[in-house]
Protein chains: 2
Amino acid sequence: MPTYTAPVKDMQFILHDVLNVTETGIPGYADLDQAFTSAILDEAGKLAGEVLAPLNAVGDREGCRLENGVVYTPTGFKGAFDALKDGGWNGLDLPEEFGGQNLPYVMGTAVGEIFVSANMAFNMYQGLTHGAINAILSAGSDDQKATYLPKMVSLEWTGTMNLTEPHCGTDLGLMRTKADPQEDGSYLITGQKIFISAGEHDLADNIIHLVLAKAPGGGAGSKGISLFIVPKVLVNEDGSLGARNALSCGKIEEKMGIHGNATCVMNYDGAKGWLLGDLHKGMRAMFTMMNEARLGVGLQGYAQAEAAYQNALAYAKDRLQGRAVTGAENPSGPADPLIVHPDIRRNLMEQKSFVEGARALTFWAAHLIDRSVRQGDAAAEGLVSLMIPVVKGFQTDKGFEMAVQAQQVFGGHGYIEEWGMSQFARDARIAMIYEGANGVQALDLVGRKLAQDGGKHVMAFFEMVKAECKAHDGDDRMKGFAEPLKTASKQLQQAGMFFMQAGMKNPNAALSGSYDFMHLMGHVCLGLMWTRMAKAAYEALDAGDADREFLEAKIATGRFYMARQLPACGMHLARIETGAEPVMALPAEAF
Amino acid sequence: MPTYTAPVKDMQFILHDVLNVTETGIPGYADLDQAFTSAILDEAGKLAGEVLAPLNAVGDREGCRLENGVVYTPTGFKGAFDALKDGGWNGLDLPEEFGGQNLPYVMGTAVGEIFVSANMAFNMYQGLTHGAINAILSAGSDDQKATYLPKMVSLEWTGTMNLTEPHCGTDLGLMRTKADPQEDGSYLITGQKIFISAGEHDLADNIIHLVLAKAPGGGAGSKGISLFIVPKVLVNEDGSLGARNALSCGKIEEKMGIHGNATCVMNYDGAKGWLLGDLHKGMRAMFTMMNEARLGVGLQGYAQAEAAYQNALAYAKDRLQGRAVTGAENPSGPADPLIVHPDIRRNLMEQKSFVEGARALTFWAAHLIDRSVRQGDAAAEGLVSLMIPVVKGFQTDKGFEMAVQAQQVFGGHGYIEEWGMSQFARDARIAMIYEGANGVQALDLVGRKLAQDGGKHVMAFFEMVKAECKAHDGDDRMKGFAEPLKTASKQLQQAGMFFMQAGMKNPNAALSGSYDFMHLMGHVCLGLMWTRMAKAAYEALDAGDADREFLEAKIATGRFYMARQLPACGMHLARIETGAEPVMALPAEAF
């Protein structure tokens, strides 16, 4: 049975040594001193390790069950959900006005990682609620906020997002769900939505569905779409619960993973709903929350890899098999532990260096969101909107890959469910798909974000990387970081130039390389993070920080990433520069 | 529900246009004319498409069930197994003397691909039997052959291989299962074996277990191991079935995939067994079958990718979502099919070019085994023994990766079990683990095969690739093949040189790069195959072959592989040349 320990020391290093949170001047950050953040993370770690992680395999094995319209979550989920609720965890980074604690988003992100690592399927009940809260916060009327937010922030009620229909996922313009306006200002919603995570369950008294639907007069395509609040149980004027709304869960899906979360087919049969935000501007209301939602999924990618890595590492230290090629390291035992073997070590280092790099990137992106939201910093907003497809697409691809590699350390024991390593891979797989499949992230990055605001944000990113490399000129200790980063960053720029030139003539030339570009940029981002982490570690060492082993491990892990993983950038560039021809040469009918 | 159509035309192209089987002079190959091979492959395809493929999802959903020591296979498996038996498929490439048809191994391989694509878990019951037959053929006494082979070749009885124990997989020297010699020349086998595929089931009257165990006097480590024939039901002198042997299935494992195959914990409680081959030479007896067993697993890798690809392609042509960036291609419909999008096309081309290349490599390796076994060609034997870790390790890694990519084409529908795409990925995953985990394949390649016979075989491989490139000098049509192949092959040689030089001083320097080397060599092998396929396609076009579209698609698919996938070689080389330091720098306790 896998175990999980929150990597509090690693998180503290990023918050305090790398991001220097208390020095940023962002409102609310001054309070985030070492003692305060450590108290929060330790407490979250305790809940995660003792309550959530032990339920992870239970949720996988039992799954959810639909009986007479009621969805039953796995054994223990209700108790754990109450613990989450009682701890006030959901409100951590939400406004005090509605019962939250108003801590910065970066802290919500760190705590989120801990909960997701411990039990991803379970944490989605809260995660979806968080997303729905953000939508109501950004687009709701005062009345709507007062009606729904306090109970959602406290987790008495949960929330969902309803976008997908059987025949349309990415292309929401094809949507068929209808909203018929009523005289009282409400709408009757009719249609079927699929893949609705946490669409029905037994954890809360009410579920607030946010549903995209077409109201009359909106025209064709995605322009005609509006967003509606459609509660499972109607809420009376006084806030008490009234009649059941005309909606139901028709089915729960059998899935590859995240069995503990109910993925529902939701049927809306003239359900009462209320417009959220402007009529026919539903897509815009959705997009405002997209950065945080996608960052949350990018986080799932590396958080699953972290949990898988912890268990792979323990197994590699424990399992005796074979002898080190350089001579026995455990001569009194029947064999050496797996970790002596270079290829096992390579595998573990790939996992470790990815997870720690991705965590730094995610926390950095979260801090940019704080900068944007709390300070109104437009440059930070532009930068983070550029980064988001990378955080989501690259991190979930690699997170899955690393969970698969962690599974590999166990040999045959990794394939049987008993050891729990299969679950990490199966659960991580979904993050590559939902919240915009990774191919769509790549399209968003290359087709939209690169050129956004005249290319200002990508230029700022390049300048930032250049400045980082330059800052270490002549510093021998940093050569193993600054030089590979410089090379990789030039390759990224060259790819961008290729898109500009070739894409002018043929848009397929850019889009054929979009996926490679997303990965190339992912490596540059992690290279940048490792350069910053190495610098922070050297500075702490120079300042005589007591924890030498930890800091030296950071530097060694970063060196591995720079030396062994950044060479992927050259490959991605070479692929990109072949353009559209190899990809598009074969006519569809000749496949 | 996924469907499967045997890719007979692609197989025929490799057999006849690329390998020119009838011209090879290998005994038995002269009969393999177009009509004959097409009759066999069509017939196998019929059984696969109509009987085996529809049971694939059934097997996944139902799994196997252990009740009172009896294992029940999923609904329909018994009927399908009888169809396989009645068709005489198991004996296709086995000696006539024992009821087989003695066709070349390359034909057994082609038919094997078809069955594995259709239903991997089901086909393992036969596949394991095939492996056990080969062991008895190579090491058994005449008496043993006469007793067991006819019934195993006909599939009245099946077979298993028992190696792994709870505390040892790769390191078999740690084995604890004991063999006590009896006065009548038999042994009593006592111990527990795990991960025994097809260890118990309801498909056949008897199961012939081949069990590794330690007999007295063999000394420590893997040298003391012997191989035993341990039948589930003892066989009387007259060949009829006698008493049940003292062995039982204690448990069947819950696994990530291949649910239709029973993975058993086997308990031997003083079970009667007979020595197979020489005392204390059990490992050697195992190794003689290893080439075919590992090739069979390498085949599983791309065969699952083939099945997944077929379904992803159909979905990409059918599912309407979004519009082509270059203008609507289905203007009368609500949207264009997925296949118009460059990133979907890239994904499909990666799958297609891998599968077709891997098929060529696998058939070529199988033909080398025929050359070695039927002609006693030592050069072919050396070459194939070099290739086997690549065929197994590279092809199963990529096969899984491509099955995951095929799943991705379906978006959310790929994650739910209803569409069957998850199963391809989950089933393909095991092939990276069993029959020597892929890290062990890489170790075998770099630690053993490169230096085998003084490096003769790898030198022969390099010469072969060089000659192939040279043969196309000045041929403009072949430039897109010969040039990237030349570059990649030089990178492979450079990696080999690095191992020789750095590995002398520090063996970890070579072993830290072993996994990258396996992949680098995999790309060179597939590059070589695509070069040969392109040449064959051009020749057929020049000769006025009627099937222009098929041949031109081959060339375009090959061009994609050369342009887009061979750049991975440079990345692998760069990683390899960083040596041991980045991988081994961190002390185990600092992880």
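This structure is a prediction, so every number in the text was calculated from the model and none was measured. (Residues numbered from 1 in each chain as written. Chains lettered and ligands numbered in written order. Predicted model: local features only at pLDDT ≥ 70, side-chain atom pairs only at ≥ 80, totals over all residues. Heavy atoms only, no water.)

### Topic: the overall build of chain A
Inference 1: Scanning chain A from N- to C-terminus turns up 21 helices and eleven strands.
Inference 2: Taken over the C-alpha trace, chain A has a radius of gyration of 24 Å; the compact-globule value for 591 residues is 25 Å, and the two agree within 12%.
Inference 3: Seen along its three principal axes, the alpha-carbon backbone of chain A occupies a region of about 80 × 60 × 55 Å.
Inference 4: Out of the 591 residues belonging to chain A, those deemed buried represent 64%.
Inference 5: Put simply, 74% of the contacts in chain A that link residues at least 6 apart link residues at least 24 apart.
Inference 6: Accessible surface computed for chain A: about 20,200 Å², of which carbon and sulfur atoms make up 52%.
Inference 7: Put simply, chain A has 51 plus and 69 minus side-chain charges, and the middle of one group is 5 Å from the middle of the other. (Helix = DSSP H or I, 4+ residues; strand = E, 2+ residues; numbered from the N terminus. Rg over C-alpha atoms; globule rule 2.2 N^0.38 Å. Buried < 20%, exposed > 50% of the residue type's maximum accessible area, 1.4 Å probe, protein only. Contact = heavy atoms within 4.5 Å. Areas by Shrake-Rupley, 256 points an atom, 1.4 Å probe, with all protein chains shown as cover. Lys, Arg positive; Asp, Glu negative; His and termini not counted. Charge placed at Lys NZ, Arg CZ, Asp CG, Glu CD.)

### Let's talk about the confidence of the model for chain A
Inference 1: When pLDDT is averaged along chain A, the result is 96, and 100% of the positions lie at 70 or above.
Inference 2: For this predicted complex, the interface score ipTM comes out at 0.97, alongside a pTM of 0.98. (pLDDT = per-residue confidence, 0-100.)

### Comments concerning the packing of helix H2 (residues 34–52) of chain A against helix H5 (residues 105–118) of chain A
Residues and elements named next belong to chain A.
Inference 1: Packing of H2 against H5 brings their axes to within 9 Å, and their N-to-C directions diverge by 20°. Relative to H5, H2 is oriented roughly parallel. Crossing hand, H2 versus H5: right-handed. Between H2, through Thr37, Ile40, Leu41, Ala44, Gly45, Leu47, Ala48 and Leu52, and H5, the contact on the second element is made entirely by Met107, Ala110, Val111, Ile114, Phe115 and Ala118.
Inference 2: Its residues assigned to classes, the contact of H2 with H5 comprises twelve nonpolar, two polar and no charged. (Axes fitted to C-alpha atoms, helices over the stretch in contact; angles between N-to-C directions. Parallel < 35°, antiparallel > 145°, perpendicular 65-115°, else oblique. Left-handed = near helix turned anticlockwise from the far one by under 90°. Nonpolar A, V, L, I, M, F, W, Y, C, P; charged D, E, K, R; others polar.)

### Considering unusual backbone geometry
Residues and elements named next belong to chain A.
Inference 1: The phi torsion at Asp453 lies on the positive side, around 50°, for a residue other than glycine.
Inference 2: Of note, Asp453 is situated in helix H15 (residues 452–471).
Inference 3: Judged by relative accessible area, Asp453 falls into the exposed class, the value being 52%.

### Some details on the relation of the copies chain A and chain B
Inference 1: Note on the identical chains: chain A maps onto chain B by a rotation of 180° and an axial translation of 0.0 Å, with an RMSD of 0.0 Å. The superposition operator between the copies reduces to a two-fold rotation axis. When C-alpha positions in chain A are compared against the rotation axis, the closest is assigned to Met571 of chain A, at 3.1 Å.
Inference 2: Residue by residue, 100% of the interface of chain A is reproduced at the interface of chain B, so both copies engage with the same surface. (Least-squares fit on C-alpha atoms with pLDDT ≥ 70 in both.)

### So, the environment of Ala379 of chain A
Inference 1: Within the secondary structure, Ala379 of chain A is located in helix H11 (residues 378–409).
Inference 2: Separated by eleven residues in sequence, Ala379 of chain A and Leu368 of chain A have C-alpha atoms that sit 9.1 Å apart.

### Some details on the domain arrangement of chain A
Residues and elements named next belong to chain A.
Inference 1: Partitioning chain A into domains gives domain 1 (8–287), domain 2 (289–436) and domain 3 (440–584).
Inference 2: Between the C-alpha centres of domain 1 and domain 3 the distance comes to 33 Å.
Inference 3: Between domain 1 and domain 3, the residue contacts involve seven residues of the former and ten residues of the latter.
Inference 4: When the two sides are added together, the surface that domain 1 and domain 3 hide from each other amounts to roughly 720 Å², 72% of it contributed by carbon and sulfur. (Domains from an automatic or database assignment. Buried area = accessible area lost by both parts, 1.4 Å probe.)

### Some thoughts on helix H9 (residues 290–318) of chain B
Inference 1: With 29 residues, H9 of chain B ought to run about 42 Å at 1.5 Å a step, and its terminal C-alpha atoms sit 42 Å apart, in line with that.
Inference 2: Extensive coverage of H9 of chain B is indicated by the burial of 22 of its 29 residues. (Expected span 1.5 Å × (residues − 1).)

### Digging into the nonpolar core
Inference 1: By size, the foremost hydrophobic cluster in this structure holds 416 residues, and its most contacted members are Phe461 of chain A together with Phe461 of chain B.
Inference 2: Beyond its immediate chain neighbours, meaning those up to four positions away, Phe461 of chain B contacts Leu383, Leu386, Met387, Leu492, Met521, Val524, Cys525 and Leu528 of chain B. (Core = buried A, V, L, I, M, F, W, Y, C linked by side-chain atoms within 4.5 Å.)

### Some points on the side chain of Lys554 of chain A
Inference 1: When you line up the elements, Lys554 of chain A lands in helix H19 (residues 548–565).
Inference 2: Lys554 of chain A has contacts with Asp10, Phe13, Glu356, Trp530 and Ala537 of chain A, leaving out every residue within four places of it along the chain.

### What to know about the interface of chain A and chain B
Inference 1: Contact residues are listed per partner, giving 92 residues for chain A and 92 residues for chain B.
Inference 2: Contact with chain B buries area across many residues of chain A, yet Tyr415, Arg564 and Phe591 of chain A alone supply 13% of it, more than any other trio.
Inference 3: Our count for the chain A to chain B interface comes out at four salt bridges.
Inference 4: At the boundary of chain A and chain B, one finds 43 residue pairs in polar contact (both at pLDDT 80 or more).
Inference 5: For the side of chain A that touches chain B, the leading source of residues is H19 of chain A, giving eight residues.
Inference 6: Among the residues forming the side of chain A that touches chain B, the class breakdown is 47 nonpolar, 24 polar and 21 charged. (Salt bridge = Lys/Arg side-chain N within 4 Å of Asp/Glu carboxyl O. Polar contact = N/O pair within 3.5 Å; in protein donor to acceptor, adjacent residues only side chain to side chain.)

### Focus: helix H7 (residues 142–153) of chain B
All names here are of chain B.
Inference 1: In a regular helix each residue adds 1.5 Å, so twelve residues correspond to 16 Å; H7 covers 15 Å between its end C-alpha atoms and thus fits that length.
Inference 2: Inspection of H7 places Gln144, Lys145, Tyr148, Leu149, Met152 and Val153 among the buried residues, and these make up the whole buried set. Angularly, the buried residues of H7 cover 120° about the axis, an arc narrow enough to put them on a single face. Facing away from the buried side of H7, by more than 90 degrees, are the exposed residues Asp143 and Ala146.
Inference 3: In the core, the buried residues of H7 are packed alongside helix H6 (120–139), strand S3 (157–162), strand S6 (206–214), strand S7 (225–231), strand S8 (233–235) and strand S11 (263–275).
Inference 4: Positive phi appears at Leu155, one or two residues downstream of H7, with a value of about 70°. (Arc of directions from axis to C-beta.)

### Looking at the pattern of salt bridges
Inference 1: Scanning the model with the defined rule gives 62 salt bridges over all chains in all.
Inference 2: Here Arg448 of chain A makes a salt bridge to Asp444 of chain A, at a shortest N to O gap of 2.7 Å. Of this pair, Arg448 of chain A and Asp444 of chain A are both found in helix H14 (residues 438–449), four residues apart, which corresponds to roughly one turn of the helix.
Inference 3: Under the relative-accessibility criterion, Arg448 of chain A is labelled partly exposed at 44%.
Inference 4: Here Lys193 of chain B makes a salt bridge to Glu165 of chain B, at a shortest N to O gap of 3.0 Å. Of this pair, Lys193 of chain B sits in strand S5 (residues 187–197) while Glu165 of chain B sits in the loop between S3 and strand S4 (178–181); the two residues are 28 residues apart in sequence, bridging distant segments of the chain. Comparing Lys193 of chain B with Glu165 of chain B, the two get one shared label, buried.
Inference 5: A cluster of three or more residues bridged by salt bridges with shared partners is formed by Asp10, Lys352, Glu356 and Lys554 of chain A.

### Considerations on the environment of Ile258 of chain B
Inference 1: Its location among the elements puts Ile258 of chain B in the loop between strand S10 (247–252) and S11.
Inference 2: On a C-alpha basis, the gap between Ile258 of chain B and Val71 of chain B in space is 15 Å, while along the polypeptide they are 187 residues apart.
Inference 3: If sequence neighbours within four positions are ignored, Ile258 of chain B has contacts with Tyr415 of chain A together with Met120, Ala121, Met124, Asp427, Ile430 and Tyr434 of chain B.

### Section: a positive patch on the surface
Residue and element names in this part refer to chain A.
Inference 1: A cluster of basic residues, Lys466, Lys470, Lys486 and Lys490, forms a positive patch on the protein surface.
Inference 2: For the positive patch, the secondary-structure elements that each account for two or more residues are H15 and helix H16 (479–505).
Inference 3: When you line up the elements, Lys486 lands in helix H16.
Inference 4: What makes Lys486 partly exposed here is its relative accessible area of 45%. (Patch = residues over 30% accessible without salt bridge, like charges linked within 9 Å, V, L, I, M, F, W, Y side chains within 5 Å.)

### Thoughts on the packing of aromatic side chains
Inference 1: Summed over the entire model, instances satisfying the criterion amount to 26 aromatic pairs over all chains.
Inference 2: Each ring, one from Tyr315 of chain A and one from Trp419 of chain A, has its centre 5.3 Å from the other, and the planes form 80°; the classification is edge-to-face. Remark: Trp419 of chain A occurs in the loop between helix H12 (412–415) and helix H13 (421–430) and Tyr315 of chain A occurs in helix H9 (residues 290–318); sequence separation between them is 104 residues.
Inference 3: Ring centres 6.2 Å apart and planes at 55° place the aromatic pair Phe461 of chain B and Phe462 of chain B in the tilted group.
Inference 4: An aromatic cluster is built from Phe77, Phe81 and Phe122 of chain A, whose rings are joined through pairwise contacts.
Inference 5: Lying over the aromatic face of Tyr515 of chain B, Arg346 of chain A brings its terminal NZ or CZ to 4.3 Å of the ring centre. (Phe/Tyr/Trp six-rings, centres within 6.5 Å; stacked < 30°, edge-to-face > 60°. Lys NZ or Arg CZ within 6 Å of the ring centre and 35° of its normal.)

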